[in-house]
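If you want the building blocks of each chain, they are given just below.
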Amino acid sequence: MLQATPLTEGWILRHEGGELPAVVPGCVHTDLLAAGAIPDPFLGRNETDLAWVGRRDWTYESELPPVDGHEQTDLVFDGLDTVAEILLDGQLLGRTRNMHRSYRFDVTGMAGRLAVRFVSAYAEAEAVRGKLGERPAAYAEPYQYLRKMACSFGWDWGPTLVTAGIWRPVRIERWSTARIARVRPLVTVGEQGLGVVELAVEVERARVEAPLRVEASVGGVRAIASLDGTEGVVRLEVPDVGLWWPRGYGEQPLYDVELTLLHEGRPLDVWRRRVGFRTVELDRSADAHGTGFTLVVNGERLFARGVNWIPDDVFPSRITRERYRERLGQAADAGVDLVRIWGGGIYESEDFYDACDELGLLVWQDFPFACAAYPEEQPLRGEVEAEARENVVRLMPHPSLVLWNGNNENLWGFRDWGWEARLAGDSWGEGYYLGVLPRVVAELDPTRPYTAGSPWSGSWEHHPNDPAHGTHHSWEVWNREDYAEYRGEVPRFVAEFGWQAPPAYATLARALPGEVLAADSPGVLHHQKADDGNGKLRRGLERHFAFPEGDFDRWHYLMQVNQARAVAAGIEHWRSHWPACAGTVVWQLNDCWPVTSWAAIDGDGREKPLYHELRRLYADRLLTVRTRGRKLVLAAVNQAGEPWAGVLRLRRMSVDGKVIDETELKFRAARRTVTDVTVPPELVPVGPKEFLVADAGGDGGVGRGAAVGADTGWGSAAGTDREGIAGTGRGSTAGAGAAEAAGAGVAEDAGAGRGSDKKAGAGAEADMGRDPGTEAGTDTAADAETGAGAGQDAGTRPDGLRALYFPSPDREIPYPRPEFDVAVVPGAVTVTARTLVRDLLLQADRLDPAARADRGLVTLLPGERVTIGVSGWKTPDPDAARSALYYLEPSR
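Note that the structure is predicted; figures quoted are calculated from it, not measured. (Residues numbered from 1 in each chain as written. Predicted model: local features only at pLDDT ≥ 70, side-chain atom pairs only at ≥ 80, totals over all residues. Heavy atoms only, no water.)

S.K.: So what's going on with the overall build of the protein? Residues and values would help.
M.R.: Assigned secondary structure in the protein consists of 16 helices and 46 strands. Sorting the 892 residues of the protein into buried and exposed places 63% on the buried side. Looking at the protein as shown, the accessible area adds up to about 29700 Å², and 48% of this sits on carbon and sulfur atoms. (Helix = DSSP H or I, 4+ residues; strand = E, 2+ residues; numbered from the N terminus. Buried < 20%, exposed > 50% of the residue type's maximum accessible area, 1.4 Å probe, protein only. Areas by Shrake-Rupley, 256 points an atom, 1.4 Å probe, with all protein chains shown as cover.)

Spelled out as C-alpha cells, the structure:
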C-alpha cells in the first residue's frame, strides 16, 4: 500500500549567511516574522520597509531520510511559490516556475541534504518580460509574467508583499507495482433520480506487466473494472440519490466515494473524495432584453446572491481549515449563496471547497488571470495548460463548483483600457480565454459551464462590458458617480460592484499603534490602496451628508453608513428586476490585511455594517421602494420557494414622528417572483420633511435576524438626553443617549474598478423590463434614500419586513435631535426611541476589541425599540454602551 510521510519537520531558512527555523507549509515572510527578523508588515507602514524581501533569493533546507521497503520513492510538493530549483545532496532534481501546480520527483534510493532554492519572483518576471516584450496591465508590478498569485504584488486593496516559500504540504510517498496518478470523477443525474459516477482512472506503474484492477463504491453501490495499460473507467449507478442544492433551496447531501487500486487482490493505493449529485446549466440564450446569464441548478433558475472572494490572507499558508469555515460561514449567515473566487488570487485549498460543499455555497472559479495582458508564448503557455489540467481535475469532485471563468477584466481591458494599440499585434491572453481553457474544460469537465471572462458579453459582437449581454462590472458609479446611478440600468448579471469604507475602529487601532487616527493621517492613508480612494469616499459622501471636517469618529461612521447605503441601492434595484437581472456579486466579502476597502468583513475578521445589511438584502424576501417611471411602487421580492402574501401597511410620516396619512393594501408574490404594488398618490412623501414607511406582514415574511419590538403609541417618554442613566450596569438599567455633534451622532465620550479607476465601458445601456406583464424600463436614478438600515431589523411586527423611502438626501432632511433610552444587560443592549432615530449603529469593538454586535444599522420610529446582542463584552456598562452608539443627527 502506498505510504505517505509528511516532510514538515527540521526545515531551515537561509538568511543573510545564517539560518532560521522554518515552518512548512509557510513562506519567507512568516518565517522571518516568527524569528523576530522583521516587524509585522500589517502594522503601520512596515510594508514599505520590507520590499527587499521579495527581491532576494531564498533557500529552504532539510534532511531527506533514507527509506526502503518499496520499489519507488517520490518527493511530492503540493505547492512551491514560485520559481525554484530542487536539489538533493547537490544533485538537481528539477526546476519549477508555477505556484498553482504540484510537483513530483523520483528520489528512489536517495537520501541526504534537501535544498529548495527560490529565485526572486521579480527577477524571473523581469527576465520573461525581457524575452517576450512589454505587456500592459492595470498596475506597474510585473505579475503577468509568471504563474503566481497576482495580488502578492499589491492591488487596490492589498499590500505589496511578494512571497516565496513551500506554501503547501510536502511529503514522501513510497509505493510498489503502481499508484493512482489521477482520478477524474464525472458526476451526473439521470432520469428518475439515478445518480451516475464515472471515474476515469490513470495510474503510474513501476511494473509494466502487472495486472491491475480498481474497485469503487459510492452510496452502497460497488463496481469493479480492469485497467488496460495505465488507464481505465469504472461506472457506478446509484438509484434515488438525494440532490445537492444551493443553500436556501434544499439540502446538501454528500456521498463518500472510494476507489482502490489492486494487484492480485492486494490493495496498492486508495483515492477518497466526497461528491454531490446535482445538475448545473448556464442559460445564455438571447431574449428581448439582450443575452441572459442565469444559473440553473437542478432545473431551478436562480437569482445569484453573491460575493467576490480574495485570498483571506496575503500569506495564504496561514489560512487554516477553521478560518475558511469561519469566513465562509459568515457569508452563508449573510444570505450569500454564491462565492466567486477572483482571478488575481489562487485556486483555493480543499478546505475552502469542502466548506462550500457543506454550506451550500455555489462556487464560481476564475482561472488566475486578472487585469493584465498575459503573454501566450513559452514558457508561460505550457504552464497555463498544465495548471489548468491539474486544477480542473482536482476540483471536479466538489458539487459546490458550478462555473469556470477564464479571467478577470482582461477582455474588457483589451477593448477599453488602451491595450489594443499598445500591444500592436502581440499576444495578450485571448488564446487562453477563447482557446486553451475552454478546450481543457470541455475535455476534462464537461459537466460544468465555462465563460471566457468577467465581464464578457459572449462574443466580440457586443462590447465586453455591455450590461445587456452576459456579465457586467459596474465601476463607473464608485469611480465617478453617485450610487443612485445604480438605478439607471438593469444589467443581466452584475458580477462586480461595490463601495469602500474603513475597517472597524478596533482593526485600525491595532494596525496603527500610537497613531492619532484621522482620515488623512499617515497610517490611515497607507492602509488605503485605491487610486484617489479617500477622494472618492469624500465625493461620494458629500452627495448625501455634510463632510465632518476634523472629526474622525463621525467620518468613520458616515463612511460605513454610505457603504451600506450604496450597496443596498444596487442590490435592491437589481433584485427587483428579476428575472431580467439574474444575480449580483458584491465586491467584496473579505480582506487580506487591515485596510480601507470594499469588503464587508475587514482584515481582522470584523463585520462592517455592510455585512449586516447584506443579511437584509440577501434574505429570501425583500421589500423595497422603487420609482418606475413616474410612479412610486413597493417591490415585494420573493426568492423563497413558497408564495408570499399578506398586508402592506403604508404610512406617510414627518420626521417629527407624526403620521400624515396611512393605508393598508393586500399583496401576493408567487414563489421566485417579484410583485409591484403602486403607492397611492396621497401616500407619496413630499419634500425633505416627509418619508414613507412600508411594513409587510404575512406568512413567513420575516427575514434572517430577530425582529424589533414596538412600544404602543407614539408619545415621547419622560426625560431628555441629558438625564443620564440609572442603575448599576447589571440587570435592566435604562437611560437616554444623544450627542451634540451634527451629521453623525455619538455620545459625549466616544473614542477616537475600484481604486484603480476602471475605465468606462462603451456598451449601450440596457433598458429592460422585468417579469412578463410588468412595466418595462429601469428605475429612476433619483437622489432619494431608500431601504438601507430599514429592513426586518426595524420592523414593527415580529412577522414582517420594512422598507423606508426618503425623497431627499440626508443633508437636506431636518432630522430631529435623536432622543432614546438605553438599557444594558449581560449580552444585550436595548435602545428605545423617543424620536426618529436614523441608522443607529452600536460599534461593539469600541466596547472591547473582542466584542461583536449581532446587527448593524437600524432605523427606529418613535416608540420602537431594538435589542442588539453583544458577545465578547466582559464588563457591560451603560455609559460605555451609550458612548459606542452612533446615529444620524441634524446637519449643522
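S.K.: If you had to explain the packing of aromatic side chains to someone new, which residues and values would you point to?
M.R.: All told, the structure shown has 47 aromatic pairs when counted by the stated rule. Seen from their ring centres, F303 and W578 are 6.2 Å apart, and the 80 degrees between their planes marks the pair as edge-to-face. Separated by 275 residues along the polypeptide, F303 in the loop between β22 (300-301) and β23 (304-309) and W578 in the loop between α14 (552-575) and β30 (583-586) bring together distant segments of the chain. As far as the burial class goes, F303 and W578 line up, both buried. Judged by centre distance (5.1 Å) and plane angle (90 degrees), the rings of W644 and F667 are edge-to-face. One end of the pair, W644, is in strand β33 (residues 644-654); the other, F667, is in strand β34 (residues 659-669), and 23 residues separate them in sequence. Ring-pair connections join several aromatic residues into one group, and the members of that group are Y139, Y143, W155, W157, W342 and W587. The side chain of R147 reaches across the aromatic face of F369, ending 4.2 Å from its centre. (Phe/Tyr/Trp six-rings, centres within 6.5 Å; stacked < 30°, edge-to-face > 60°. Lys NZ or Arg CZ within 6 Å of the ring centre and 35° of its normal.)

S.K.: Give a description of the sheet that holds strand β45 (residues 865-871) that names residues and reports values.
M.R.: Strands pair in a sheet through their backbones, by hydrogen bonds, and they do so in one of two ways: parallel or antiparallel. The strand order across the open sheet formed by four strands is β40-β41-β45-β43, and the pairing between neighbours is antiparallel. The strands lining the two open edges of the sheet, one partner per strand, are β40 (820-825) and β43 (852-853). Where strand β41 (residues 828-833) and β45 come together, five bridges link them in antiparallel fashion. Residue pairing across strands places T830 opposite T867, the latter belonging to β45. (Pairing = 2+ DSSP bridges.)

S.K.: Before we move on, can you summarise the packing of α14 against helix α15 (residues 609-617) with the specific residues and values?
M.R.: Two numbers describe how α14 lies on α15: the axes approach to 9 Å, and their chain directions differ by 20 degrees. Classified by the angle their axes make, α14 and α15 are roughly parallel. Taken as a pair, α14 and α15 cross one another with a handedness that is right-handed. Together, Q560, Q563, A564, V567, A568, I571, E572 and R575 of α14 and P609, L610, E613, L614, R616 and L617 of α15 make up the contact between the two elements. (Axes fitted to C-alpha atoms, helices over the stretch in contact; angles between N-to-C directions. Parallel < 35°, antiparallel > 145°, perpendicular 65-115°, else oblique. Left-handed = near helix turned anticlockwise from the far one by under 90°. Contact = heavy atoms within 4.5 Å.)

S.K.: Go over the nonpolar core with me, naming the residues and quoting the values.
M.R.: Generally speaking, a soluble globular protein has its nonpolar side chains buried in company with each other. Core analysis: the largest hydrophobic core is formed by 169 residues, its most contacted members being W155, F352, F367, Y433 and L614. Top element by residues in this core is α14. It accounts for 13 residues. One finds A22, L75, M110 and I172 within the second-largest nonpolar core, a separate group that totals 32 residues. (Core = buried A, V, L, I, M, F, W, Y, C linked by side-chain atoms within 4.5 Å.)

S.K.: Let's hear about helix α4 (residues 321-333): which residues, and what values?
M.R.: The end-to-end C-alpha distance of α4, which contains 13 residues, comes to 18 Å, matching closely the 18 Å that a straight helix rising 1.5 Å per residue would cover. At its buried positions, α4 is contacted by β23, β24 (338-341), α5 (350-359), α15 and β43. Backbone geometry just after α4 places G335 at a positive phi near 90 degrees. (Expected span 1.5 Å × (residues − 1).)

S.K.: So what about helix α3 (residues 121-132)? Which residues, and what values?
M.R.: What sets the pattern is the α-helix's 3.6 residues per turn: residues three or four places apart point alike. For α3, with twelve residues, the first-to-last C-alpha span of 16 Å sits near the 16 Å given by 1.5 Å per residue. Taken together, the buried positions of α3 are occupied by A121, Y122, E124, A125, V128 and L132. All buried residues of α3 lie within an arc of 165 degrees about the axis, which places them on one face of the element. When the buried face of α3 is taken as reference, the exposed residues oriented beyond 90 degrees from it are G130 and K131. Looking at the buried side of α3, the elements it contacts are β6 (83-88), β7 (91-97) and α6 (380-395). Between the side-chain oxygen of the N-cap and the backbone nitrogen of Y122 there are 3.1 Å, and the N-cap of α3 in question is S120. After α3 finishes, the residue G133 shows a positive phi value of roughly 100 degrees. (Arc of directions from axis to C-beta. Polar contact = N/O pair within 3.5 Å; in protein donor to acceptor, adjacent residues only side chain to side chain.)

S.K.: Hey, could you go over the sheet that holds strand β12 (residues 195-205) for me, with residue numbers and the actual values?
M.R.: Taken in spatial order, the three strands make up an open sheet running β11-β12-β15, and their pairing is antiparallel. Each edge of the open sheet is held by one strand with a lone partner, namely β11 (178-189) and β15 (231-238). Averaged over all pairs of adjacent strands, the angle between their axes in this sheet comes to 20 degrees, without regard to strand direction. The pairing of β11 with β12 spans eleven bridges and is classified as antiparallel. Each residue of the ladder has a partner; that of V189, found in β12, is G195.

S.K.: Please provide a residue-by-residue account of the environment of S576, values included.
M.R.: Residue position: S576 is located in the loop between α14 and β30. Look at S576 and you get buried, because its relative accessible area is 0%. In the structure, S576 is positioned 58 residues away from L634 in sequence and 9.5 Å away in space, judged by C-alpha atoms. A polar contact of 3.2 Å, which involves the side chain of S576, links it to the side chain of R628.

S.K.: An account of unusual backbone geometry is needed here, citing residue identities and associated values.
M.R.: Glycine aside, residues mostly have negative phi angles, and peptide bonds mostly take the trans form. Between S454 and the following residue, P455, the backbone shows a cis peptide bond with an omega angle of 0 degrees. Mapping P455 onto the fold places it in the loop between β27 (450-451) and β28 (471-473). In the segment running from W578 into P579, the intervening peptide bond is cis, with an omega of 5 degrees. With respect to the helices and strands, P579 occurs in the loop between α14 and β30. Here the phi dihedral of E16 falls at roughly 50 degrees; this positive angle occurs in a residue that is not glycine. On the secondary structure map, E16 appears in the loop between β2 (12-15) and β3 (18-21). The phi dihedral of N298 is positive, around 55 degrees, even though this residue is not glycine.

S.K.: Talk me through the pattern of salt bridges; I want residue IDs and the actual numbers.
M.R.: Enumeration over the complete set of coordinates arrives at 77 salt bridges. A salt bridge links R565 to D839; the nearest nitrogen and oxygen atoms lie 2.7 Å apart. According to the relative accessible area criterion, D839 is buried, its value standing at 0%. (Salt bridge = Lys/Arg side-chain N within 4 Å of Asp/Glu carboxyl O.)

S.K.: So what about the layout of surface pockets? Which residues, and what values?
M.R.: If you add up the space inside the largest pocket, you get close to 1600 Å³. Taken together, 44 residues form the lining of the largest pocket, with D78, S102, R171, R273 and R394 sitting closest to its centre. Within the residue set of the lining of the largest pocket, elements represented by two or more residues are β8 (103-106), β10 (170-175), β11, β17 (266-275), α4, α5 and α6. No other element matches the six residues that α6 contributes to the lining of the largest pocket. For the lining of the largest pocket, the per-class residue count stands at 20 nonpolar, six polar and 18 charged. (1 Å grid on protein atoms, 1.4 Å probe; cavity = no way out; pocket = protein on both sides within 12 Å on 5 of 7 lines; lining within 4 Å. Points joined across faces, edges and corners; volume = space filled by probe spheres on them. Nonpolar A, V, L, I, M, F, W, Y, C, P; charged D, E, K, R; others polar.)

S.K.: Mind laying out the confidence of the model for the protein, listing which residues take part and the relevant values?
M.R.: Averaged over every residue, the pLDDT of the protein is 90; residues scoring 70 or more account for 88%. Below a pLDDT of 50 lies the segment residues 700-777, which in the model reaches 267 contacts outside its immediate sequence neighbourhood of four places, other chains included. In the predicted structure, residues 788-799 sits below a pLDDT of 50 and forms 59 contacts with residues beyond four places in sequence or in another chain. (pLDDT = per-residue confidence, 0-100.)

S.K.: Talk me through empty space enclosed by the protein; I want residue IDs and the actual numbers.
M.R.: In this model, the largest cavity occupies a volume close to 200 Å³. For the largest cavity, the lining is made up of 19 residues, of which E607, L842, Q843, A844 and D845 are closest to its centre. Looking at the lining of the largest cavity, the elements with two or more residues in it are α14, α15, β42 (837-842) and β43. Within the lining of the largest cavity, the residues separate by chemical class into eight nonpolar, five polar and six charged.

S.K.: How would you sum up the side chain of N562? Please name residues and give values.
M.R.: Note that N562 resides in helix α14. Classification of N562 as buried rests on a relative accessible area of 0%. In this structure N562 touches Y483, W499, G540, L541, H544 and F545, once residues within four positions along its chain are discounted.

S.K.: I'd like to hear about the side chain of E387, residue by residue, with values.
M.R.: You can see E387 is positioned in helix α6. Under the relative-accessibility criterion, E387 is labelled buried at 0%. At 3.1 Å, the side chain of E387 and the side chain of N98 are in polar contact.

S.K.: An account of the packing of α4 against α5 is needed here, citing residue identities and associated values.
M.R.: Relative to each other, α4 and α5 sit at 40 degrees, their axes nearing to 9 Å. Relative to α5, α4 is oriented oblique. The crossing of α4 and α5 is right-handed. Residue-level contacts link R321, Y324, R325, L328 and G329 of α4 to D351, F352, D354, A355, C356, E358 and L359 of α5. Residues of the contact of α4 with α5, tallied by class, amount to six nonpolar, one polar and five charged.

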